[in-house]
Every structure is written in structure tokens, then in C-alpha cells.
Amino acid sequence: QRTNESVELSGVFLLFMVLASLLAAIGIIEDSAILIVGAMVVGPEFGPIAGFCVALVQRRRDLATRSGVALAVGFPLAIACVYLATQIFKATDLTPDAFTAADHGIANLISSPDAFTVIVALCAGAAGMLSLSTAKSGALIGVLISVTTIPAAANIGVAAAYGDTDGWTGSLAQLALNLTSIVVAGTLVLSIQRMMYGRRRRRRSARAER
């Protein structure tokens, strides 16, 4: 029920995606961790990701389609808006004419995925599913802060606007790794929970028959 309510592609969802990505873009340009964290909290992308996990476990094609469409539209729109915004920033001298990830620690981190990228995303995906299934909203906020999906999307737009091929390709890899790892971990957690629930039901049924 929780995921079903958060997977719809709507104007509000897209607006949150764009606003979160713009916050992340400014955080990347200014090398501000505070803005990056704020963008992670504002981003609504975990809803459709969780919905996709539920759809895989329950084999619900309609939910998978709705979740996939929300992500497929939301991320490209956010990236495009960041790209245009960065071009405007450059044209109005709000930002420097040159930008390199080497000179910006956050951008360099986002565009350089490694083994820890997968580990963090797997842990966050598992924690996110547990927080949804146990109604632990505080834990869910922690998950949103842990995973760099929105910042990765924002860095794609920023790097592309500055012609930094290594930056946007690395960020694209970061985004793909995070999304894949979250889905894998979330689906695995839900599958285990479903199996344990089924065992408990069978035990209760067996006791009732006795």
C-alpha cells in the first residue's frame, strides 16, 4: 500500500525530482555537502524504486510498469533541467567558465564509483525496504541520505554542460550501480520477508489443526 501510493507519475513527483536535482547541482558546483544532503532528502525517487521491488516479488506487471515509467521520465527530465540551468548559470556568470571534478571533491566522488558504491547501495536498499515494511520513517530518511541517486543525476547534467565526458559518464555509472543495487537488495529483503511470513502462517495453521 505504501509503495502503491508513491509510484504514480505526477506533476508533483516531477517537480520534486527537478527541485532536488537543482539543489544537488548547486551543491556540486559550490562543493557544499549540506546542499547535497538536502537534495537527497527532497528527492522522491525511492518510492518508485521500492514499488519496482514490490512488483518483482509479487509479480505485478502493472506496478512495475508504473514504477519504471516514473523513473524513466523523472531522471531524464531532472538531468535535462540541470543541464539547462547550468548553461544559464554559465551565461550569467553565476558559475565559472570552467569546471572540473578534480577541483571539486563531491563531484569527483560522485563520478568515481567503486566497490563501496555497490556495498552502500545494497545496505541502503535493504534498510529502505525494512523501514517501509516496519513503518520506520526515521530509518528511511537515513537511507535517502545514504544513496547518491539524485546527486549522480545532477552531476550528469553539470558535467555535460561543461563538456566533461569523464564526469558525466562516471556519474551515469554511479546512478546505474545505485539503482541496480537498491533494486537487488530491496527485492531480496522482500523475498525473505515473504518466505518467513509464509512459514509463520503454516506453523499457525498446523497448531490450529492440532
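Residues numbered from 1 in each chain as written. Predicted model: local features only at pLDDT ≥ 70, side-chain atom pairs only at ≥ 80, totals over all residues. Heavy atoms only, no water.

K.L.:
How would you sum up the overall build of the protein? Please name residues and give values.
P.N.:
Within the protein, the secondary structure is distributed over nine helices and zero strands. Burial statistics for the protein: of 210 residues in total, 43% are counted as buried. (Helix = DSSP H or I, 4+ residues; strand = E, 2+ residues; numbered from the N terminus. Buried < 20%, exposed > 50% of the residue type's maximum accessible area, 1.4 Å probe, protein only.)

K.L.:
Help me get a handle on the packing of helix H3 (residues 46–58) against helix H6 (residues 115–133), residues and values and all.
P.N.:
Two elements in contact, H3 and H6, have axes separated by 11 Å at closest approach and are oriented at 85°. By the angle between their axes, H3 is roughly perpendicular relative to H6. Within the contact between the two elements, H3 uses Phe46, Ala50 and Cys53 and H6 uses Gly128, Met129 and Leu132. (Axes fitted to C-alpha atoms, helices over the stretch in contact; angles between N-to-C directions. Parallel < 35°, antiparallel > 145°, perpendicular 65-115°, else oblique. Contact = heavy atoms within 4.5 Å.)

K.L.:
How would you sum up the side chain of Thr95? Please name residues and give values.
P.N.:
Here Thr95 lies in the loop between helix H4 (61–91) and helix H5 (105–110). Look at Thr95 and you get buried, because its relative accessible area is 8%. In this structure the side chain of Thr95 is engaged in a polar contact, spanning 3.4 Å, whose partner is the backbone nitrogen of Lys90. At 3.1 Å, the side chain of Thr95 forms a polar contact with the side chain of Tyr162. Beyond its immediate stretch of four places on either side in the chain, Thr95 contacts Ile29, Thr86, Phe89, Lys90 and Tyr162. (Polar contact = N/O pair within 3.5 Å; in protein donor to acceptor, adjacent residues only side chain to side chain.)

K.L.:
I'd like a rundown of helix H8 (residues 149–161), residues and numbers included.
P.N.:
An α-helical segment advances 3.6 residues per turn. Residues three or four places apart therefore align on the same side. With 13 residues, H8 ought to run about 18 Å at 1.5 Å a step, and its terminal C-alpha atoms sit 19 Å apart, in line with that. When you tally the buried positions in H8, you get twelve out of 13 residues, the bulk of the element. Here H8 has its buried residues at Thr149, Ile150, Pro151, Ala152, Ala153, Ala154, Asn155, Ile156, Gly157, Val158, Ala159 and Ala161. Gly163 sits one or two residues past H8 and shows a positive phi near 70°. (Expected span 1.5 Å × (residues − 1).)

K.L.:
An account of the nonpolar core is needed here, citing residue identities and associated values.
P.N.:
The biggest cluster of nonpolar side chains holds 47 residues, and the ones touching the most others in it are Ile28, Phe75, Ile150 and Val158. Of all the elements, helix H1 (residues 11–30) adds the most residues to this core, at eight residues. Among residues more than four places away in sequence, those in contact with Phe75 are Met17, Glu45, Thr149, Ile150, Ala153, Leu175 and Leu179. (Core = buried A, V, L, I, M, F, W, Y, C linked by side-chain atoms within 4.5 Å.)

K.L.:
Any chance you could break down the environment of Gln193 for me, citing the residues and the numbers?
P.N.:
Within the fold, Gln193 resides in helix H9 (residues 165–209). When the C-alpha atoms of Gln193 and Ser133 are compared, they prove to be 9.2 Å apart, with 60 residues separating the residues in sequence.

K.L.:
Kindly report on unusual backbone geometry, identifying the contributing residues and their values.
P.N.:
With phi around 55°, Asp31 is a residue other than glycine that occupies positive phi space. Here Asp31 shows up in the loop between H1 and helix H2 (33–42). Phi is positive for Asp93, which is not a glycine, with a value near 65°. Residue placement: Asp93 occurs in the loop between H4 and H5.

K.L.:
Report on the packing of H1 against H4, specifying residues and quantitative values.
P.N.:
In contact at an axis separation of 9 Å, H1 and H4 are set at 45° when each is read in the N-to-C sense. Here H1 is positioned oblique relative to H4, judged by the angle of their axes. The two elements H1 and H4 meet at a crossing, and its hand is right-handed. On H4, the residues that touch Phe13, Leu14, Met17, Val18, Ser21, Leu22, Ala25, Ile26 and Ile29 of H1 are Ala70, Val73, Gly74, Phe75, Leu77, Ala78, Cys81, Val82, Ala85 and Phe89. (Left-handed = near helix turned anticlockwise from the far one by under 90°.)

K.L.:
Can you tell me about the pattern of salt bridges, naming the residues and giving the values?
P.N.:
With the rule as written, the count across this model stands at one salt bridge. Between Asp62 and Arg60 there is a salt bridge, with its nearest N and O atoms 4.0 Å apart. Under the relative-accessibility criterion, Arg60 is labelled partly exposed at 28%. (Salt bridge = Lys/Arg side-chain N within 4 Å of Asp/Glu carboxyl O.)

K.L.:
Describe the side chain of Ser111, and please don't skip the residues or the numbers.
P.N.:
Residue placement: Ser111 occurs in the loop between H5 and H6. Judged by its relative accessible area of 12%, Ser111 is buried. For Ser111, the side chain forms a polar contact with the main-chain oxygen of Ala107, separated by 2.9 Å. Separated by 3.4 Å, the side chain of Ser111 and the backbone oxygen of Asn108 make a polar contact.

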